[in-house]
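# Overview (structure and organization)
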Amino acid sequence: MTILHLDSSITGDKSVSRVLTRRIVDQLAAVQPGTEVVQRDLVADPLDHLTLGSFADTSVLDEFLAADTVVIGAPMYNFTLPSQLKAWLDRILVAGKTFRYGEDGTPEGLVGGKRVIVALSRGGFYRGDSPAAGLEHLETYLIGVFGFIGITPEFVAADGINLGAEQRARSVETALGEVEQLAA
Ligand SMILES: Cc1cc2nc3c(=O)[nH]c(=O)nc-3n(C[C@H](O)[C@H](O)[C@H](O)COP(=O)(O)O)c2cc1C
């Protein structure tokens, strides 16, 4: 099995999403001996903004296509994903490779066989009937984008990270508990 491990948090060793992705990858690798892990740090080694010329280089797409499982750290910045992660998504949404349109214009995802696990980390709460739910453009966006290419992503979420040390500790602990279930 090949795991592609992506991080996009700018907060280095204070990052919650990086703790979660590391734990997810370690857990998956532990239950599947011989797993190969390919790591891409989108902050240490950022991709350029998309241009038409970017499509000539398919290395990022090829790396994604070669992975059986993709583990993505997705912190919420300004109610959505980091632009570093958006630049990566811009390389993998490629007509004819990861999606296509049928004759009647219906989109069809082409990479259904992959497992995508996203570690979300958000300062506040956005799920369910939260008053801030309308500002959630991270989880909803990733569901839409991966759905478009044929993948139903799984999520582990650490929410309320900026609402005090106690809440932060509780949220991280809950998320780490969710990680254990993922690998089971
Ligand atoms: C630049 C920046 C913007 C942020 N914007 C939001 C936001 O819009 N909504 C929110 O709930 N939290 C926001 N936060 C808080 C982060 O989502 C939270 O700290 C989370 O843990 C970030 O993930 P990380 O710890 O992996 O970096 C922001 C944090 C930073 C650094």
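Scroll up a little and you will see the structure.
Just so you know, the residues in each chain are numbered from 1, in the order the chain's sequence is written. Where local features are concerned, this predicted model is filtered to residues with pLDDT of at least 70; where side-chain atom pairs are given and counted, the filter is 80 or more; whole-chain, interface and lining totals use all residues. Only hydrogens and water are removed before side-chain values are computed, so all heavy atoms of the structure are retained for them.

## Observations concerning the overall build of the protein
Counting secondary structure elements, the protein contains five helices and seven strands. Walking the protein from its N terminus toward its C terminus, one meets helices and strands in the order β-α-β-α-β-α-β-β-β-α-β-α. Relative to the globule expectation of 16 Å for 184 residues, the C-alpha radius of gyration of the protein, 16 Å, shows essentially globular dimensions. Considering only C-alpha atoms, the protein reaches an extent of 50 × 40 × 30 Å along its principal axes. Accessibility here uses a 1.4 Å probe with only protein chains present; expressed as a share of the type maximum, an area under 20% marks a residue as buried, one over 50% as exposed, and anything in between as partly exposed. Within the span of the protein, comprising 184 residues, buried residues form 44% of the whole. Every residue pair with non-hydrogen atoms within 4.5 Å of one another is taken to be in contact. Within the protein, contacts between residues separated by at least 24 positions form 75% of all contacts whose residues are at least 6 apart in sequence. Going along the chain from the N terminus, every DSSP run of H or I of four or more residues is numbered as a helix, and every run of E of two or more is numbered as a strand. Here the globule rule is a power law, 2.2 Å times the number of residues to the power 0.38, and the radius of gyration is based on C-alpha atoms.

## Notes on the site of the ligand
Residues are classed as near a molecule or strand on a simple rule: at least one heavy atom within 4 Å of it. For the ligand, the set of nearby residues contains 17 residues, the closest of which are S9, S17, M76, S121 and Y126. Contacts described as polar in this section are N or O atom pairs within 3.5 Å, which, within protein, must combine one atom able to donate a hydrogen with one able to accept it, while residues neighboring in sequence count only if both atoms come from side chains. S17 places a side-chain nitrogen or oxygen 2.6 Å from an oxygen atom of the ligand. The contact in question runs from an oxygen atom of the ligand to an N or O atom on the side chain of Y126, over 2.5 Å. Protein contact buries 79% of the 620 Å² of open area that the ligand shows by itself. Values of accessible area rely on a 1.4 Å probe in the Shrake-Rupley scheme; residue burial ignores everything except the protein chains shown.

## Regarding the pairing of strand β7 (residues 154-158)
Counting buried positions along β7 gives four out of five residues, so the element sits mostly inside the fold. Pairing of strand β6 (residues 115-121) with β7, which is carried by five bridges, proceeds in the parallel orientation. Within β7, the position partnered with I117 by the bridge is E154. Handedness of a crossover is defined as follows: orient the strands so they point away from the viewer, and if the path from the first strand over the helix to the second runs clockwise, the crossover is right-handed. Tracing the backbone out of β6, into helix α4 (residues 139-148) and back to the parallel element β7 gives a crossover that is right-handed. Pairing between strands requires that DSSP locate at least two bridges from one strand to the other.

## So, unusual backbone geometry
In most cases, non-glycine residues show a negative phi, while peptide bonds are predominantly trans. The backbone phi angle of N78 is positive, close to 50 degrees, even though this residue is not glycine. Residue placement: N78 occurs in the loop between β3 (69-75) and α3 (83-92). Its identity as a non-glycine residue notwithstanding, F79 has a phi of 70 degrees, on the positive side. For F79, the position within the fold is in the loop between β3 and α3.

## Comments concerning the nonpolar core
Nonpolar core, defined: a set of buried Ala, Val, Leu, Ile, Met, Phe, Trp, Tyr and Cys residues in which side-chain atoms within 4.5 Å join the residues together. Counting residues in hydrophobic clusters, the biggest one holds 31 residues, and the most contacted among them are F64, V70, I72, W88, L142 and F146. Mapped onto this core, the elements with two or more residues apiece are β1 (2-7), α2 (59-66), β3, α3, β6, α4 and β7. No other element matches the four residues that α3 contributes to this core. For L142, the residues in contact, after removing those within four places along its chain, are A74, L89, V118, L120, G147, P153 and F155. V25, A158, I161 and L176 belong to the second-largest nonpolar core, a separate cluster that totals 18 residues.

## Re the pattern of salt bridges
Salt bridges are identified by distance alone: a Lys or Arg side-chain nitrogen within 4 Å of an Asp or Glu carboxyl oxygen. Within the structure shown, the criterion is met by ten salt bridges. We note a salt bridge from R22 to D26, for which the minimum N-O separation is 3.2 Å. Of this pair, R22 and D26 both sit in helix α1 (residues 16-31), four residues apart, which is roughly one turn of that helix. A residue is classified by how much of its surface remains accessible, and D26, at 40% relative accessible area, is partly exposed. In this structure, E136 and R122 form a salt bridge, with 2.9 Å as the shortest nitrogen-oxygen distance. Within this pair, whereas E136 is found in the loop between β6 and α4, its partner R122 is found in the loop between β6 and α4, the two being separated by 14 residues in sequence. Of the two residues examined, E136 and R122, each falls in the buried class. Residues participating in the shared-partner salt-bridge network are R122, R127, E136, E139 and D159.

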